[in-house]
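Given next are the chains, with one letter for each unit.
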Amino acid sequence: MRLSIAIPEAQILAAPAVLRLIRMAQASDMESDDQGPAYVAYFEDLLQSVDVVRQLIEECRDPYGIRITVDERQVTDPVTFYQILLCHRASFRASDPVDYCLQQSAQGDEDGGCPDQSCVSHCPFICSQCVGVRSHRDAPPIPTRFLEMARQADVDWCPNLRIAKSDA
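Read on for an overview of the structure. Within each chain, residue numbers correspond to sequence positions counted from 1 in written order. In keeping with the model being predicted, local features are shown solely for residues with a pLDDT of at least 70 and side-chain atom pairs are shown and tallied solely at 80 or more, while totals for entire chains, interfaces and linings include all residues. As a rule here, side-chain values cover all heavy atoms of the structure and leave hydrogens and water aside.

### A few points about empty space enclosed by the protein
Think of a ball as big as a water molecule: rolled over the atoms, this probe shows where empty space is left.
Then, number 1: Using only the protein atoms, space was sampled on a 1 Å grid; points where a 1.4 Å probe fits but cannot get out form cavities, open sets with protein on both sides within 12 Å along at least five of seven lines form pockets, and lining residues are those with an atom within 4 Å of a point. Grid points are joined across faces, edges and corners, and a volume is the space filled by probe spheres set on the points. In this structure the tally under the stated criterion is one cavity of 30 Å³ or more.
Then, number 2: What the largest cavity holds in volume is close to 90 Å³.
Then, number 3: Lining the largest cavity are Ile84, Cys87, His88, Cys101, His122, Cys123, Pro124, Phe125, Val155, Cys158, Asn160 and Leu161.
Then, number 4: If you tally residues by element for the lining of the largest cavity, the top one is helix H4 (residues 78-92), at three residues.
Then, number 5: Residue type decides the class: Asp, Glu, Lys and Arg count as charged, Ala, Val, Leu, Ile, Met, Phe, Trp, Tyr, Cys and Pro as nonpolar, and the leftover types, Gly among them, as polar. Taken together, the residues that form the lining of the largest cavity break down as nine nonpolar, three polar and no charged. Think of it this way: any DSSP run of H or I at least four residues long counts as a helix, any run of E at least two long counts as a strand, and we number them from the N terminus.

Structural data, given as structure tokens:
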């Protein structure tokens with residue numbers, strides 16, 4: 001998965017460590033648009049660059065001021081993307097990443113996210129929405145709807161994402 005992060009020049013001037021982290025990317029460039037100049041870091045393999053990407057986002061003064069794309073698709077919420085990145089990173093330490101995700105979504109169940117049964121998405125970033133997914137009879141199959149929700153939640157890139165098959 002290719003990731004790019006565009007950081008406005010003003011943020012780099014306020015946090016010089018950001019420039020050091022940009023230089024750790026496989027490639028970098030300068031670009032300018034109507035919002036002004038920005039440094040862009042390109043990571044050819046997000047999964048191998050998780051720690052550098054995490055540090056880069058942490059060092060930015062205003063994460064909402066940065067632009068992140070994964071495989072040419074713009075991330076809608078950089079802060080949520082950062083939380084997803086931390087979750088994925090934490091799954092590295094688990095003996096079974098899929099089980100880790102199930103445990104995380106089970107916590108959502110305990111918080112009232114999924115009444116009556118465990119969440120069919122197995123991802124804590126989209127399981128709170130499953131109540132609405134289950135209620136539509138004429139909608140596409142649940143796996144199709146969950147995949148779209150994963151895209152909207154910017155979590156579809158996560159290799160741990162498992163969407164349960166359904167008879168619906």
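### Some thoughts on the pairing of strand E4 (residues 67-70)
Then, number 1: Strands qualify as paired when DSSP identifies two bridges or more between them. Pairing analysis gives four bridges linking strand E1 (residues 3-8) to E4, with the strands arranged antiparallel. When the bridges of E4 are listed, Ala6 appears paired with Arg67.
Then, number 2: By the bridge criterion, two bridges tie E4 to strand E5 (residues 73-74) in an arrangement that is antiparallel. Along E5, the bridge assignment pairs Thr69 with Gln74.
Then, number 3: Hairpin geometry of E4 and E5 is characterised by an intervening segment of two residues between the two adjacent antiparallel strands and by a positive phi of about 50° at Asp71.

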